[in-house]
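Residues per chain, in single letters:
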Amino acid sequence: MRKIMFVGLMLMAATASAQQIDMKILDKLAEKAKGKTEINLDSSMVKSASDLLNQKKGDEAAARKSAKDLTGLFLRNYEFEMEGAYKREDLKPLLDQLNSPNWTPILRNQEEKEQTEIWMHRTNGQADGMLLVSMESKEVTVINAMGITNIGDLSNVGQLGNLAGQASKPPTKPEEKKANDD
Amino acid sequence: MSQFERDLREALRHREPPSGFADKVLARSCESVTRHTARPWLAVAAALVLVMGGGIFVQQQRQHAEDEKAKEQLMVALRITGSKLRNVQARLSTIQQRAVERQSNP
């Protein structure tokens, strides 16, 4: 019985670590940034924080609802003084971590000075994590939300139209998911 | 001699203490000494209770402060995440709108 529990715990830990992206490589960007927001909330912190959210306050009630499936939330937001302070290649080591069958891109939006990617992590076909990378001319944002099953839950809007629907669907070919502004 | 003087004399008249009075006083005195020796232990126990209680209170306050900080961070993270997702949604809507316009005006 103990062996089964141990194996189960190891599997859970392995799944959690697979969803979590190593963000230490972004430290180089942090050095160049004029403003930064770095948030690391593990499972226990998310739970204790959620317990303090007031269900009667509109904003906090929405946050409580959003965080109900969260098992971890890691965020990096860097603002730069001028354009060209960072290169998109600087984020390649981060995106290289997504070269696993469990990670599927559900959206890639590239405009002249802006690129946004949203990836979903799936375990046994079930969505259980998200990574959002937003590269703007003077701002970089990386959000790793673990345990999330539907990205629509993370938005106060509640619905993200087709985007929210795609996140809960089984993975399809990346080419079909690409949403480029041509 | 007036009545008052008689009463006063009577009140101030020397009386012998009851037998065993001295022994009782000495016995009480010993009891009092015993009580005094027990008080430092009580003080130490009370101090320990206070220190432990204080420690637990400080620990609880510290935990509460950490939870409050985590709550603030969660709110900030969710606001930023919501904002980014809404931006994506807006861009998708624009793309969709342009596609519709192209179809209606080929």
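Keep in mind that what you see is a predicted model, and the values were worked out from it rather than measured.

## Things to note about the overall build of chain B
Thinking step 1. The helix and strand tally for chain B stands at two helices and zero strands.
Thinking step 2. Computed over its C-alpha atoms, the radius of gyration of chain B comes to 44 Å, more than 25% above the 13 Å expected for a compact globule of 106 residues.
Thinking step 3. Approximately 8700 Å² of chain B is accessible, and the part contributed by carbon and sulfur atoms is 61%.
Thinking step 4. The average position of the 17 basic charges and that of the 11 acidic charges among the side chains of chain B differ by 14 Å.

## A few points about the overall build of chain A
Thinking step 1. If you tally the helices and strands in chain A, you get seven helices and six strands.
Thinking step 2. Its helices and strands taken in sequence order, chain A reads α-α-β-α-α-β-α-β-β-β-β-α-α from the N to the C terminus.
Thinking step 3. Residue burial in chain A is summarised as follows: out of 182 residues, 42% are buried.
Thinking step 4. Intrachain contacts of chain A at a sequence separation of at least 6 include 64% that bridge at least 24 residues.
Thinking step 5. Surface accessibility of chain A: about 10100 Å² in total, with carbon and sulfur atoms responsible for 51%.

## Concerning the interface of chain A and chain B
Thinking step 1. Facing 43 residues of chain A, the contacting portion of chain B comprises 25 residues.
Thinking step 2. Taken over both partners, the interface formed by chain A and chain B buries close to 2900 Å², and the fraction arising from carbon and sulfur atoms is 68%.
Thinking step 3. Among the ionic pairs, A:D59 bridges to B:R79, the shortest N-O distance being 2.7 Å.
Thinking step 4. Counting every contact that joins chain A to chain B gives eight residue pairs in polar contact (both at pLDDT 80 or more).

## A word on a nonpolar patch on the surface
Thinking step 1. Taken together, the side chains of B:F4, B:L8 and B:L12 present a nonpolar region at the surface, about 370 Å² in accessible area.
Thinking step 2. Among the structural elements, B:L8 can be located in helix α1 (residues 3–11).

## Quick word on the side chain of A:T141
Thinking step 1. With respect to the helices and strands, the residue A:T141 is situated in strand β6 (residues 139–146).
Thinking step 2. A:T141 gets classed as buried once you look at its relative accessible area, which sits at 0%.
Thinking step 3. A distance of 2.7 Å separates polar atoms of two side chains, one belonging to A:T141 and the other to A:N77.
Thinking step 4. If sequence neighbours within four positions are ignored, A:T141 has contacts with A:R76, A:N77, A:L132, A:V133, A:S134, B:I80 and B:K84.

## Observations concerning the confidence of the model for chain B
Thinking step 1. For chain B, mean pLDDT is 87; residues scoring 70 or higher make up 92% of the total.
Thinking step 2. The complex prediction reports pTM at 0.70, with the ipTM value standing at 0.76.

## Examining the nonpolar core
Thinking step 1. Counting residues in each nonpolar core, the largest one holds 30 residues, and the members touching the most others are A:L70, A:L73, A:I118, A:M130 and B:L74.
Thinking step 2. The element best represented in this core is helix α2 (residues 21–104) of chain B, accounting for eight residues.
Thinking step 3. With near-sequence residues (within four places) excluded, A:M130 lies in contact with A:W103, A:I118, A:W119, A:M120, A:I143, A:N144, A:A145, A:I148, A:I151 and A:L154.
Thinking step 4. Formed by 22 residues, the second largest nonpolar core is a distinct cluster that contains A:F80, A:Y86, A:V133 and A:V142.

Rules and cut-offs
- Residues numbered from 1 in each chain as written.
- Chains lettered and ligands numbered in written order.
- Predicted model: local features only at pLDDT ≥ 70, side-chain atom pairs only at ≥ 80, totals over all residues.
- Heavy atoms only, no water.
- Helix = DSSP H or I, 4+ residues; strand = E, 2+ residues; numbered from the N terminus.
- Rg over C-alpha atoms; globule rule 2.2 N^0.38 Å.
- Areas by Shrake-Rupley, 256 points an atom, 1.4 Å probe, with all protein chains shown as cover.
- Lys, Arg positive; Asp, Glu negative; His and termini not counted.
- Charge placed at Lys NZ, Arg CZ, Asp CG, Glu CD.
- Buried < 20%, exposed > 50% of the residue type's maximum accessible area, 1.4 Å probe, protein only.
- Contact = heavy atoms within 4.5 Å.
- Buried area = accessible area lost by both parts, 1.4 Å probe.
- Salt bridge = Lys/Arg side-chain N within 4 Å of Asp/Glu carboxyl O.
- Polar contact = N/O pair within 3.5 Å; in protein donor to acceptor, adjacent residues only side chain to side chain.
- Patch = residues over 30% accessible without salt bridge, like charges linked within 9 Å, V, L, I, M, F, W, Y side chains within 5 Å.
- pLDDT = per-residue confidence, 0-100.
- Core = buried A, V, L, I, M, F, W, Y, C linked by side-chain atoms within 4.5 Å.

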